[in-house]
Amino acid sequence: MAELGTVDPSCSTSTRPRPEKERALISERTKAALQAAKAAGTKLGNPKLADARVLGNKAMRARAVQFAKSVMPHVREIRRSGITSNNGIAAALNQRSVKTDRGGRWTHVQVAAVIKRAQ
């Protein structure tokens, strides 16, 4: 850590590097450590990445289907009121303050996706 500088308590300035230099030093140390680990035969990364990706995708799809099913009662009620276009349904959902899965406002594309998922 000597390359980061020292602070003299009697002095109002320090010899500490600027954040840019500190980032560069951290980067250099990290790259050197990764090269050393590779040279020692250490396998870097997640060895079960493909399995984790499959599980993650499955969980995301299940959550999307569950959300779609939770919104469909609103969509059916809006359709019964005579609004059948996806744009109209999106506007009605926004007017009712029904949030999207990520908390945003509805668009016709999202309405179509929710209807498709809920089937």
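Here, every reference points to the structure presented above.
Source: prediction; values computed, not measured.

Reading the values: the criteria
Residue positions are counted from 1 within each chain, in the order its sequence is given. Totals for whole chains, interfaces and linings use every residue, but because this is a predicted model, local features are given only for residues with pLDDT of at least 70 and side-chain atom pairs only at 80 or more, for both listing and counting. Here the side-chain values reflect all heavy atoms present in the structure, with hydrogen atoms and water set aside. With a 1.4 Å probe rolled over the protein chains alone, any residue whose accessible area is under 20% of its type maximum counts as buried; one over 50% counts as exposed, and the rest are partly exposed. The secondary structure listing takes helices from DSSP runs of H or I that are at least 4 residues long and strands from runs of E that are at least 2 residues long, numbered from the N terminus. We call two residues contacting when some pair of their heavy atoms lies within 4.5 Å. In this context, the arc is that of the directions from the helix axis out to the C-beta atoms.

1. Comments concerning helix α3 (residues 86-95)
The complete set of buried residues in α3 reads Ile 89, Ala 90, Ala 92, Leu 93 and Asn 94. Turning to α3, the residues buried within the fold contact α2 (49-80) and α4 (108-118). Looking at the residues trailing α3, positive phi occurs at Ser 97, about 65°.

2. With respect to the side chain of Asn 94
Along the polypeptide, Asn 94 turns up in helix α3. Residue contacts for Asn 94: discarding those within four places in its chain leaves Arg 105 and Trp 106.

3. Topic: α4
Buried within α4 are the following residues: Val 111, Val 114 and Ile 115. Across the axial projection of α4, the buried residues extend over an arc of 100°, all falling on one side. Facing away from the buried surface of α4 by more than 90 degrees, the exposed residues are Val 109 and Lys 116. Where α4 is buried, its residues meet α2 and α3.

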